[in-house]
Amino acid sequence: MSETELVLRSTRVVTPQGTRAASVTVTDGKIAAVLPHDAAVPAGARVEDLGDDVLLPGLVDTHVHVNDPGRTEWEGFWTATRAAAAGGITTLVDMPLNSLPPTTTADHLGIKREVARSKAHIDVGFWGGAIPGNVKDLRPLHDAGVFGFKCFLSPSGVDEFPELDQEQLAAALGEIAGFGGLLIVHAEDPHHLGAAPQPHGPRYADFLASRPRACEDDAIAGLVALAARLDARVHVLHLSSSGALPLIAAAKAEGVQVTVESCPHFLTLTAEEIPDGATEFKCCPPIRESANQDALWQGLADGTIDCIVSDHSPSTADLKTADFGAAWGGISSLQLGLPAIWTAARARGHSLDDVVRWMAAAPAALVGLDRKGAIEPGRDADFAVLDPEATFTVDPAALQHRNKITAYAGKTLHGVVRSTWLRGRKINDGSTLAEPTGTLLTRP
């Protein structure tokens, strides 16, 4: 029998049964037990008394654009996983586009895994891509261990990852449903986008008008109908439009296999506050008005929205020109998601138990990682230690992201990550980060 190596003790431990004072024992990188706070320490175990700091499960971020290999000047596994560790994230799943080559074949997945292997500070998994002409590649990717497949219904922004038309979508989803896979979808309707005024210039209002809520609402309606017809499992990425919530809620009630995510920027930033020319706020779909944001929070509260993930999509500074039509669309937030969401959640009466459900348990469940996302026996000993009352002001220079561009610059946020632990080993002590010890994950 292996002996307990570590005990983490806190007056506030967030478990699936609620927050309580507890001592968490770790053996061979796994959680062995969750004991009363004053439980006797096993012989030979090292004790870390966290006082009143909150012990959370390590967060799971299933929507990260690492861009490695091929566009490593935008990000990369070394910098992205350091930023994640600094932000309390212990597992991420990398998106299949913005790297060269994209993860659209098993061979391309092999290239990406080889690049990531020595650079991962946290555990890393991979999505595959569904693009025109690669239906034959989907099952081999599934067999090689990707967690599912991403597609776009409108242009992705990069030529090597084209969108699917409705016929191609049906073919891909039919194939994926045949082996019990998951399709994750950037759902914006290209016909609505084509009919809307085209974005140009520095005014955020003009950019917002170019991607109306109907773009998302109609695309999601079509996706849900197709999923119901094919008895397929689909996931709606980065929901921005609250107009789709009633449709999604009704589909779930009818047994359609649909899940939904939203992102920190949609839940904490509003169109009203974005200055003209501030393209660090540009993303697709866009950040919308405060009333829309209120409805998204209600969707989280009632379970229509399942999880919160970053959609970390960085670029170099030169691509963030002051023209909203020409600038790269993507927000860097990997290191800041937990404090950003906690700041907004606490103001709306939510608890850290809610935040853990949205940012750890639900993303882990989405991809079937039953060893992640909760503090309970048998799970990986992945933790984030948070001082939820402490505040800090976001200084872009202090971020671990490769490019120090963020829509959160200058904002004061609640929640300071004091340390991050991966399989019982401290990888972030609040000031320094350990050398890479992350593993590459495959679908269970």
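Since the structure is predicted, the reported quantities are computational estimates derived from the model, not experimental observations. (Residues numbered from 1 in each chain as written. Predicted model: local features only at pLDDT ≥ 70, side-chain atom pairs only at ≥ 80, totals over all residues. Heavy atoms only, no water.)

Across the sheet, which stays open at both edges, the six strands sit in the order E9-E10-E11-E12-E13-E14 with parallel pairing between neighbours. In this open sheet, the two strands that pair with only one neighbour each are strand E9 (128–129) and strand E14 (307–308). Of the strand pairs in this sheet, strand E12 (residues 233–236) and strand E13 (residues 258–262) are connected by three bridges, and their pairing is parallel. From the neighbouring strand, His235 faces E13, where its bridge partner is Thr259. Taken strand by strand, helix H7 (residues 213–230) contacts strand E11 (182–186), E12 and E13, and its axis lies near 165° from that of E12. (Pairing = 2+ DSSP bridges. Helix = DSSP H or I, 4+ residues; strand = E, 2+ residues; numbered from the N terminus. Contact = heavy atoms within 4.5 Å. Axes fitted to C-alpha atoms, helices over the stretch in contact; angles between N-to-C directions.)

Let us now look at helix H1 (residues 77–86). For H1, the buried fraction is high: nine of the ten residues fall into the buried class. Residues of H1 that are buried include every one of Phe77, Thr79, Ala80, Thr81, Arg82, Ala83, Ala84, Ala85 and Ala86, and no others. Buried-residue contacts for H1 involve strand E7 (89–94), helix H2 (106–116), strand E8 (123–126), strand E16 (412–422) and strand E17 (425–428). (Buried < 20%, exposed > 50% of the residue type's maximum accessible area, 1.4 Å probe, protein only.)

One pass over the full model with this rule turns up eight aromatic pairs. Here the aromatic rings of Phe152 and Phe161 are separated by 5.9 Å at their centres, their planes lie at 75°, and the arrangement is edge-to-face. Comparing Phe152 with Phe161, the two get one shared label, buried. A connected cluster of aromatic rings, assembled from ring pairs, spans Tyr204, Phe207 and Phe324. A cation over a ring is seen here: Arg71 above Trp74, with NZ or CZ 5.3 Å from the ring centre. (Phe/Tyr/Trp six-rings, centres within 6.5 Å; stacked < 30°, edge-to-face > 60°. Lys NZ or Arg CZ within 6 Å of the ring centre and 35° of its normal.)

On to unusual backbone geometry. With an omega of 10°, the peptide bond running from Leu100 to Pro101 counts as cis. As for its position among the elements, Pro101 is in the loop between E7 and H2. Backbone geometry at Asn98 places phi at a positive 80°, although glycine is not the residue there. Among the structural elements, Asn98 can be located in the loop between E7 and H2.

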